[in-house]
Amino acid sequence: MEPIALNRTKSSSARSQLGVLKQIDRRITSIMTSAKHVVLYRFDAKQHKFVVEHVEGPFFVVQTKKGAYDMHILNQLSPVDWKSHISGSMDVERKDSFLFLRKDSTTTCMWFYKDHQCSKSERCVRLAIDYVKNRKRPSIKAFMKALNDSGDVSSTKNDKEDEEEGNEDVVETSDDIDRAALKRALVNLIENDEIFFE
């Protein structure tokens, strides 16, 4: 018997991923953008260099029930995921495949496997920061329209070329959820689904 191929669309993939993320953090209402794989670094002021944080995996910018925005990395190296709330005081800067985030006295950096995902993530985080600063709560449709409209977010020449081709917390889960199984399911969805991450 031959295996049956599922006819997956971008919207069905997004719904599947959102369903799994909601099982991990019930406050999540929407995925604003995502990247297939990132590696997290933290700037060590004593050593004057970035050090690997032992956090890597799929990256998501999400909206929560109260209209706030968070960033999540589903850590493939340990059961402890990375989460940071997007605040109006956060600074973001992109250089090639690296996204630098400054919040309070902490500087972190994410390396993205694909440049265009880094570019889109930067635009999404900048837009979320702008909305938080101005205390706007746009609808998901308005946010996505602004994200895809390069006039509403700062973009660089490299962003256009790419398109052409908090605090750290442990994510809260309920006690009756098999967290490892959920993470495996989401990673499996991500690894086998190129449609969502185009």
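One structure accompanies this document, and this report is about it. Please read all numbers here as calculations on a predicted model, not as lab measurements. (Residues numbered from 1 in each chain as written. Predicted model: local features only at pLDDT ≥ 70, side-chain atom pairs only at ≥ 80, totals over all residues. Heavy atoms only, no water.)

1. Focus: helix 2 (residues 115-133)
1) Next: Helix length check: helix 2, at 19 residues, gives a terminal C-alpha distance of 27 Å against a target of 27 Å (1.5 Å per residue), a fit within 8%.
2) Next: Looking only at helix 2, the buried set comprises Gln 117, Cys 118, Ser 119, Ser 121, Glu 122, Arg 123, Cys 124, Val 125, Leu 127, Ala 128, Ile 129 and Tyr 131.
3) Next: In the stretch just after helix 2, Arg 135 is the one whose phi turns positive, near 55°. (Helix = DSSP H or I, 4+ residues; strand = E, 2+ residues; numbered from the N terminus. Expected span 1.5 Å × (residues − 1). Buried < 20%, exposed > 50% of the residue type's maximum accessible area, 1.4 Å probe, protein only.)

2. Some remarks on helix 3 (residues 140-148)
1) Next: For helix 3, the full list of buried residues reads Phe 143, Ala 146 and Leu 147. Within helix 3, the buried residues cover an arc of 105° as seen down the axis, which keeps them to one side. When the buried face of helix 3 is taken as reference, the exposed residues oriented beyond 90 degrees from it are Lys 141, Lys 145 and Asn 148.
2) Next: The secondary structure elements touched by the buried residues of helix 3 are strand 1 (28-44), strand 3 (69-73) and helix 2. (Arc of directions from axis to C-beta. Contact = heavy atoms within 4.5 Å.)

3. Some thoughts on the pairing of strand 3
1) Next: Across the five residues of strand 3, five count as buried, placing the element largely inside the fold.
2) Next: Covered by surrounding structure in strand 3 are Tyr 69, Met 71 and Ile 73 together with Asp 70 and His 72, the residues of both alternating faces.
3) Next: Between strand 2 (residues 49-64) and strand 3, which pair antiparallel one after the other, the connecting turn spans four residues, and Gly 67 there sits at a positive phi close to 80°. (Pairing = 2+ DSSP bridges.)

Interpretation note: all reported values are geometric properties and have no functional meaning in isolation.
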